[in-house]
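In case you want the letters, here they are:
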Amino acid sequence: ERRTRYEIFADLLDVVSKRGSCPLTRASYGANLPVDRTKRFLSFLASRGFVREEFVGDSRRYRITKRGLEYLETFRKMKKMFAALSEELP
């Protein structure tokens, strides 16, 4: 089943938050996305303030922001609510 873009955002934010500071390829593997798509999604999230780009030497790394953590928490709550609503009626 295909993931929505909101699920992909959550997956990327989850990987970045667990690693603390995460390079592009690690985020790509963790979220099960090709590197080119991961780069586009992380750039989008960075432009909206959900992740922050950091440069360590000549490598770019991503770190989740407070806003990104809030998104992740809200997404998880909503996912639980939708799961409860999708249960069969008696």
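To be clear, the structure that these remarks concern was listed above.
Structure report, in brief. What you are looking at is a predicted structure, and each value in this text was computed from that prediction instead of being measured. (Residues numbered from 1 in each chain as written. Predicted model: local features only at pLDDT ≥ 70, side-chain atom pairs only at ≥ 80, totals over all residues. Heavy atoms only, no water.)

Remarks on the packing of helix 1 (residues 5–19) against helix 4 (residues 66–85)
Relative to each other, helix 1 and helix 4 sit at 125 degrees, their axes nearing to 10 Å. Between helix 1 and helix 4, the angle falls in the class oblique. Remark: the crossing between helix 1 and helix 4 carries left-handed chirality. Contacts between helix 1 and helix 4 involve Tyr6, Glu7, Phe9, Ala10, Leu13, Asp14 and Ser17 from the first element and Gly68, Leu69, Tyr71, Leu72, Phe75 and Arg76 from the second. Looking at the contact of helix 1 with helix 4 residue by residue, the classes come out as eight nonpolar, two polar and three charged. (Axes fitted to C-alpha atoms, helices over the stretch in contact; angles between N-to-C directions. Helix = DSSP H or I, 4+ residues; strand = E, 2+ residues; numbered from the N terminus. Parallel < 35°, antiparallel > 145°, perpendicular 65-115°, else oblique. Left-handed = near helix turned anticlockwise from the far one by under 90°. Contact = heavy atoms within 4.5 Å. Nonpolar A, V, L, I, M, F, W, Y, C, P; charged D, E, K, R; others polar.)

Thoughts on the sheet that holds strand 2 (residues 51–56)
Read across the open sheet, the three strands follow the order 1-3-2; overall the sheet is antiparallel. Each edge of the open sheet is held by one strand with a lone partner, namely strand 1 (22–23) and strand 2. Here strand 1 pairs with strand 3 (residues 59–64) via two bridges, running antiparallel. Across the sheet, Pro23 pairs through a bridge with Arg61, a residue of strand 3. Against the sheet, helix 1 touches strand 1, strand 2 and strand 3, its axis set at about 100 degrees to strand 3. (Pairing = 2+ DSSP bridges.)

Points about the packing of aromatic side chains
Taken as a whole and judged by the stated rule, the model has five aromatic pairs. Between the aromatic rings of Phe9 and Phe44, the centroid separation amounts to 5.5 Å while the plane-to-plane angle is 10 degrees, which identifies the pairing as stacked. With a gap of 35 residues between them, Phe9 in helix 1 and Phe44 in helix 3 (residues 35–47) connect regions that are remote in the sequence. A relative accessible area of 29% means that Phe44 is categorised as partly exposed. Aromatic side chains Phe50 and Tyr71 sit 5.8 Å apart centroid to centroid with 80 degrees between the ring planes, which places their arrangement in the edge-to-face category. One end of the pair, Phe50, is in the loop between helix 3 and strand 2; the other, Tyr71, is in helix 4, and 21 residues separate them in sequence. (Phe/Tyr/Trp six-rings, centres within 6.5 Å; stacked < 30°, edge-to-face > 60°. Buried < 20%, exposed > 50% of the residue type's maximum accessible area, 1.4 Å probe, protein only.)

What about the pairing of strand 3?
Note that strand 2 and strand 3 share six bridges and pair antiparallel. Within strand 3, the residue paired with Phe55 across the bridge is Arg60. What sits between strand 2 and strand 3 in their antiparallel hairpin is a turn of two residues, with Gly57 showing a positive phi close to 65 degrees.

Quick word on helix 3
The first and last C-alpha atoms of helix 3 sit 18 Å apart over 13 residues, in line with the 18 Å expected at 1.5 Å per residue. The set of residues buried in helix 3 consists of Thr38, Phe41, Leu42 and Leu45. What you see down the axis of helix 3 is that its buried residues fit within an arc of 100 degrees, all on one side. Looking at helix 3, the residues exposed on the side facing more than 90 degrees away from the buried face are Arg40 and Ser47. Summarising the contacts, the buried residues of helix 3 are in contact with helix 1, helix 2 (24–31), strand 2 and strand 3. (Expected span 1.5 Å × (residues − 1). Arc of directions from axis to C-beta.)

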